[in-house]
Amino acid sequence: MNHSDLIIIGAGPGGYETAVAAAHRGLSVTIFEGANVGGTCLNAGCIPTKCLVRNAEVVEQFKDSEKFGIDNFTFELDFNKVMSRKDEVVATLRAGVEQLLASAKVNVVKERASFTGPHTVKAGETEYEADNIILATGSVSKALPIPGADLPFVMDSTAMLSIDHIPESLTVVGGGVIGMEFASVFHALGSKVTVVEYMKQILPPFDADIAKRLKQSLSKQGIEIITGAAVKEISQAEDYEIVTRYECKGKEGEVRSSDLLMAVGRAPYWEGLNLEAAGFRELPAKGRPIPVDDYMRTEVPHIFAIGDVNGRMMLAHVATFQGLRALNAITGKEDTIDFGIVPSAVFTHPECGMVGLTEQQCKDRELPVKKGTSFFRANGKALAMAEPEGICKLLFHKETGLLLGAHIMGAEAADLAQQCADLMSRKTTQAELEDIIFSHPTISEVILSAAHSAS
Ligand code: FAD
Ligand code: NAD
């Protein structure tokens, strides 16, 4: 039987990054992948969506050309080329991951794996054995349990990433991260977009101020956003239009469109792993996360579950760092990873970024807070870039001065949130932040201005 120190099932950003890190620590590693290395993130998530986001930005710049003194500029968009560019980027990065795994001498088995015993898995006709096993099998799109959700024209994000046309009109069911990114992209590419979101605000986990401003900004651009509306049924009219019926504040409404994206969350995926054979006594229900402790250890002590499959926080960088934590536990290495400081971003136009606690979370925890706000319209670089729309809100602990949270909408918001994550991980106070020299003119100066204004 093939023996390795470590078996990893799933080669997404959780699995492949952990495999390489484990190999660098001297472990022999076998990783199984039933589809493409890179997982959802590289093949049907982070990377292809951000290629489309970049296309949308370029198109918006072209549409705005007069603002930059370029008159009578015309252009034609070739959507096939847009999609080919995306596919090329994905293929290049996928080759990079293959190369990374090969140079680290990780044994890559391109087959689905399932347990035959607590230390053994089978892929094809071959059995493999390891001392420790990490599950990194990711997640799949959820569908609403409503009539019409299974009709063939209902797309999830993966299907939408292979679409061969720009929809004339697009209904987006779910105003979460995926829904808002696709809404922003396809609006820029020319679709008439309507978002129907169940909660009172789009992007429910984001700070309410940021979600509200993003809604205002996207509505001003022409995206229709209906919040507090539960989608109840999807059907097709005689003229082939897709009809999405919803209930909002006790009243029924409908949206008609040529295409529909359902983006109502993702479910942890562990089907076919045969967890019973591995010794799991309590199996989660289908689509529910595999429970883990803070070291990502499952109920079977030598089996760990990282990334989307444990449902803690479905982000690529979280999957990677959970993998490192599991590896630290396996190799007995001291661990200083702080999962309380995880930056996240939404690549709409304008972009949003956040890290740490929202204002509501501070209230719920009864934390005394000093709030500082700055606006992109007062930032020289933002105006020079013709990106005046945006806000940076920083929350400091009133007594200790520690930075508790940063919430940003505007150009480069994702990178600004990353900068704030750095400050938070160094336990920076308001006073210390105000002593840092910021280069001028930079968008980063919105952070300094927000700190100056906090009281
Ligand atoms: P995955 O990346 O899902 O990888 C799991 C892998 O396991 C898959 O390749 C699968 O084929 C394989 N597998 C499953 N079962 C088996 C088996 N039995 N045997 C062998 N292989 C198996 N996150 C961000 O941080 N930033 C973003 O901008 C971002 N954008 C996104 C956009 C979209 C449209 C989507 C859908 C997601 C996005 N995400 C983003 C989320 C991110 O993609 C996931 O959080 C991340 O991919 C999770 O990584 P993972 O390693 O846990 O699982
Ligand atoms: P999500 O949980 O972010 O959003 C789903 C939305 O659907 C929610 O706002 C929910 O209220 C809404 N909804 C549920 N039922 C509804 C109904 N009946 N009618 C209308 N709306 C309804 O999930 P997602 O957008 O599918 O994204 C899945 C995961 O992928 C997220 O956890 C996210 O972290 C990850 N992701 C991250 C990024 C990024 O980091 N930029 C990008 C895309 C996806």
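Residues numbered from 1 in each chain as written. Chains lettered and ligands numbered in written order. Predicted model: local features only at pLDDT ≥ 70, side-chain atom pairs only at ≥ 80, totals over all residues. Heavy atoms only, no water.

Focus: the site of ligand 2
Our working definition: Proximity criterion: a residue is near a molecule or strand once any of its heavy atoms comes within 4 Å of it. Whenever a nitrogen or oxygen atom comes within 3.5 Å of another N or O atom, the pair is scored as a polar contact, on the condition that within protein one atom can donate a hydrogen and the other can accept it, and that pairs from neighbouring residues in sequence are kept only if both atoms are in side chains. All accessible areas in this document rest on Shrake-Rupley with a 1.4 Å probe, and a residue is counted as covered only by the protein chains that are shown. Helix and strand definitions follow DSSP, with helices as H or I runs of at least four residues and strands as E runs of at least two, each counted in order from the N terminus. Side-chain classes follow a simple rule in which Ala, Val, Leu, Ile, Met, Phe, Trp, Tyr, Cys and Pro form the nonpolar group, Asp, Glu, Lys and Arg form the charged group, and the remainder, Gly included, forms the polar group.
Of all residues adjacent to ligand 2, which total 23 residues, the nearest are Ile 178, Glu 181, Glu 197, Gly 265 and Ala 345. Contact distances for ligand 2 include 2.9 Å between an oxygen atom and a backbone N or O atom of Gly 265. Separating an oxygen atom of ligand 2 from a backbone N or O atom of Met 314 is a distance of 2.9 Å. The protein chains hide 78% of the 850 Å² of surface that ligand 2 would expose on its own. Elements that contribute at least two residues to the shell around ligand 2 include exactly helix 6 (177-189) and strand 12 (229-236). Here the shell around ligand 2 is built from residues that sort into 16 nonpolar, three polar and four charged.

Examining the sheet that holds strand 22 (residues 403-409)
Note the following rule: Should DSSP find at least two bridges between two strands, the strands are regarded as paired. A fitted line through C-alpha atoms serves as each axis, taken over the contacting stretch for helices, and the angle formed by two N-to-C directions is quoted from 0 to 180°.
Pairing is antiparallel in the open sheet, where five strands are placed in the order 18-19-22-21-20. Because the sheet does not close on itself, it has two edges, and the strands there are strand 18 (344-346) and strand 20 (369-375). Each neighbouring strand pair of the sheet contributes to a mean axis angle of 15°, computed without reference to strand direction. The pairing of strand 19 (residues 352-356) with strand 22 spans five bridges and is antiparallel. Bridge pairing links Gly 353 to Ile 408 in strand 22.

Some details on the state of the cysteines
Short version of the rule: A pair of cysteine sulfur atoms is labelled a disulfide when the two atoms are within 2.5 Å. Buried means the residue's accessible area, taken with a 1.4 Å probe over protein chains only, is under 20% of the maximum for its type, while exposed means over 50%, and partly exposed covers the values in between.
Tallied over the full model, the rule gives one disulfide. Here Cys 41 engages in a disulfide with Cys 46; their sulfurs sit 2.5 Å apart. Residues Cys 41 and Cys 46 are joined by a disulfide whose S-S torsion is about -130°; by sign, that bridge is left-handed. According to the relative accessible area criterion, Cys 41 is buried, its value standing at 16%. In this model Cys 51 remains outside any disulfide bridge; the closest cysteine sulfur is found in Cys 46, 11 Å from its own. Accessibility expressed as a relative area gives 7% for Cys 51, which makes it buried. In this model Cys 362 remains outside any disulfide bridge; the closest cysteine sulfur is found in Cys 420, 14 Å from its own. Cys 362 sits in the buried class, given a relative accessible area of 1%.

Re the site of ligand 1
Residues in contact with ligand 1 amount to 39 residues; listed here are only the nearest, Gly 14, Glu 33, Thr 40, Lys 50 and Asp 308. One of the side-chain N or O atoms of Asp 308 is found 2.8 Å from an oxygen atom in ligand 1. A distance of 2.9 Å separates an oxygen atom of ligand 1 from a polar atom in the backbone of Ala 316. Of all the secondary-structure elements, those providing two or more residues to the shell around ligand 1 are helix 2 (39-44), helix 3 (46-63) and helix 9 (316-331). For the shell around ligand 1, the element with the highest residue contribution is helix 2, accounting for four residues. Residues that form the shell around ligand 1 fall into these classes: 18 nonpolar, 15 polar and six charged.

A closer look at the side chain of Lys 370
Condition: We score Asp and Glu as negative and Lys and Arg as positive, and we do not count His or the chain ends. Salt-bridge detection follows one rule: a side-chain nitrogen of Lys or Arg within 4 Å of a carboxyl oxygen of Asp or Glu. Working rule for contacts: check all heavy atoms of both residues, and any pair within 4.5 Å makes them a contact.
Looking at where Lys 370 falls in the secondary structure, it is placed in strand 20. Glu 434 provides the closest opposite charge to the buried, unpaired Lys 370, separated from it by 6.9 Å. At a separation of 2.7 Å, a polar atom in the side chain of Lys 370 contacts the side chain of Gln 430. What Lys 370 contacts, discounting residues up to four positions off in sequence, is Leu 394, Leu 395, Phe 396, His 397, Lys 398, Gln 430, Ala 454 and Ser 455.

What about the nonpolar core?
Our working definition: Joining through side-chain atoms within 4.5 Å is the link that ties buried Ala, Val, Leu, Ile, Met, Phe, Trp, Tyr and Cys residues into a set, and such a set is a nonpolar core.
Phe 32, Phe 115, Val 121 and Leu 135 are the most contacted members of the largest nonpolar core, which has 48 residues in total. Sorting elements by how many residues they give to this core places helix 1 (residues 15-24) first, with six residues. When neighbours within four sequence positions are excluded, Val 121 is seen to be in contact with Ile 7, Ile 9, Phe 32, Ala 113, Ser 114, Phe 115, Thr 116, Thr 126, Glu 127, Tyr 128 and Ile 133. Counting 39 residues, the second largest nonpolar core, distinct from the first, contains Met 83, Met 160, Leu 214 and Leu 218.

A closer look at a nonpolar patch on the surface
The test is simple: By definition, no residue in a patch forms a salt bridge, and every one has over 30% relative accessible area; like charges are joined within 9 Å, nonpolar side chains (Val, Leu, Ile, Met, Phe, Trp, Tyr) within 5 Å.
A cluster of nonpolar side chains, Phe 62, Phe 68, Ile 70, Phe 73, Phe 75 and Leu 77, forms an exposed patch at the surface whose accessible area comes to about 510 Å². Note that Ile 70 resides in the loop between helix 3 and helix 4 (79-103).

Topic: unusual backbone geometry
Pro 350 follows His 349 through a cis peptide bond whose omega is 0°. For the bond running from His 440 to Pro 441, omega is -10°, close enough to zero to count as cis. As for its position among the elements, Pro 441 is in the loop between helix 13 (430-434) and helix 14 (445-453). The phi dihedral of Lys 105 is positive, around 60°, even though this residue is not glycine. Following the sequence through the fold, Lys 105 ends up in the loop between helix 4 and strand 3 (107-109). Phi at Glu 366 takes a positive value of approximately 55°, unusual for a residue other than glycine.

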